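Architecture and fold: a report
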Amino acid sequence: MEVIKKFPEDMDGRTAYKLMKSPEVKKMSEAEGSVLEITAWIQYNSPDKETGEVKEVIAIETIDGELFATISNTFREEFLDMVEWFGSNLGSIKVIGGTSKAGRKYITCGVV
């Protein structure tokens, strides 16, 4: 796994491991409609176990110690746009779900 970006920049190995490998990491879609106060996040590449295809992942840890991750392009693009606008310490975000014109469910995020 290749780390691309992380917050805090001096993230310790224990936190990085939890975000990338913990069995307690939930799908971001499970947080749909929630406001998450972020204490740490990491962007990394992970190979798919079945196909070998490399997927870019965003994983976050909340102030409550909950862990969420997603490979959603829509979520990742919006999250990284917010990082660009507001800096790495985003504070809180809202996880937003929707349905595309083609009828597919998706998730994204927004500022609070």
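The structure contained in this document is the topic of the report that follows. (Residues numbered from 1 in each chain as written. Predicted model: local features only at pLDDT ≥ 70, side-chain atom pairs only at ≥ 80, totals over all residues. Heavy atoms only, no water.)

**Some points on the pairing of strand E5 (residues 67-70)**
Because side chains alternate across E5, one face comprises the buried residues Leu67 and Ala69, and the other comprises Phe68 and Thr70, equally buried. Here strand E2 (residues 26-27) pairs with E5 via two bridges, running parallel. From the neighbouring strand, Lys26 faces E5, where its bridge partner is Phe68. Here four bridges tie strand E4 (residues 54-62) to E5, and the two strands are oriented antiparallel to one another. For Ile58, the partnering residue across the bridge sits in E5 and is Thr70. In sequence, E4 turns back onto E5 through a hairpin of four residues, with Gly65 there showing a positive phi of about 85 degrees. (Buried < 20%, exposed > 50% of the residue type's maximum accessible area, 1.4 Å probe, protein only. Helix = DSSP H or I, 4+ residues; strand = E, 2+ residues; numbered from the N terminus. Pairing = 2+ DSSP bridges.)

**Notes on the layout of surface pockets**
Approximately 590 Å³ is the volume found for the largest pocket. Together, 20 residues line the largest pocket, and Met20, Tyr44, Ser46, Lys49 and Val57 are the ones closest to its centre. Put simply, the parts of the chain that give the lining of the largest pocket at least two residues each are helix H1 (13-21), E2, strand E3 (35-47), E4 and E5. (1 Å grid on protein atoms, 1.4 Å probe; cavity = no way out; pocket = protein on both sides within 12 Å on 5 of 7 lines; lining within 4 Å. Points joined across faces, edges and corners; volume = space filled by probe spheres on them.)

**Some points on the pattern of salt bridges**
As enumerated under the stated definition, the model contains four salt bridges in all. The closest approach of N and O atoms between Lys18 and Glu61, which form a salt bridge, is 3.0 Å. Within this pair, whereas Lys18 is found in helix H1, its partner Glu61 is found in strand E4, the two being separated by 43 residues in sequence. For Glu61, a relative accessible area of 11% puts it in the buried group. (Salt bridge = Lys/Arg side-chain N within 4 Å of Asp/Glu carboxyl O.)

**Some points on a negative patch on the surface**
Together, Glu77, Glu78, Asp81 and Glu84 give the surface a local cluster of negative charge. Following the sequence through the fold, Glu77 ends up in helix H2 (residues 73-86). (Patch = residues over 30% accessible without salt bridge, like charges linked within 9 Å, V, L, I, M, F, W, Y side chains within 5 Å. Areas by Shrake-Rupley, 256 points an atom, 1.4 Å probe, with all protein chains shown as cover. Lys, Arg positive; Asp, Glu negative; His and termini not counted. Charge placed at Lys NZ, Arg CZ, Asp CG, Glu CD.)

**Things to note about the pairing of E4**
In terms of strand pairing, E3 meets E4 through nine bridges, oriented antiparallel. Bridge pairing links Ala40 to Glu61 in E4. The hairpin formed by E3 and E4 contains six residues between the paired strands, and Gly52 there has a positive phi angle of roughly 80 degrees.

**What about unusual backbone geometry?**
The linkage connecting Phe7 with the following residue, Pro8, adopts the cis geometry, with an omega of -5 degrees. Residue position: Pro8 is located in the loop between strand E1 (2-7) and H1.

**Looking at the nonpolar core**
It is characteristic of soluble globular proteins that their nonpolar side chains tend to be buried jointly. Grouped together as the largest cluster of nonpolar side chains are 18 residues, with contacts concentrated most on Met28, Leu36, Trp41, Ile60, Phe75, Phe79 and Ile93. Of all the elements in the fold, those that place two or more residues in this core are E3, E4, H2, strand E6 (92-99) and strand E7 (105-111). Residue contributions to this core peak at four residues, all from H2. Setting aside its immediate chain neighbours within four residues, Ile60 contacts Leu19, Met28, Leu36, Ile38, Ala40, Trp41, Glu66, Leu67, Phe68 and Phe79. (Core = buried A, V, L, I, M, F, W, Y, C linked by side-chain atoms within 4.5 Å. Contact = heavy atoms within 4.5 Å.)

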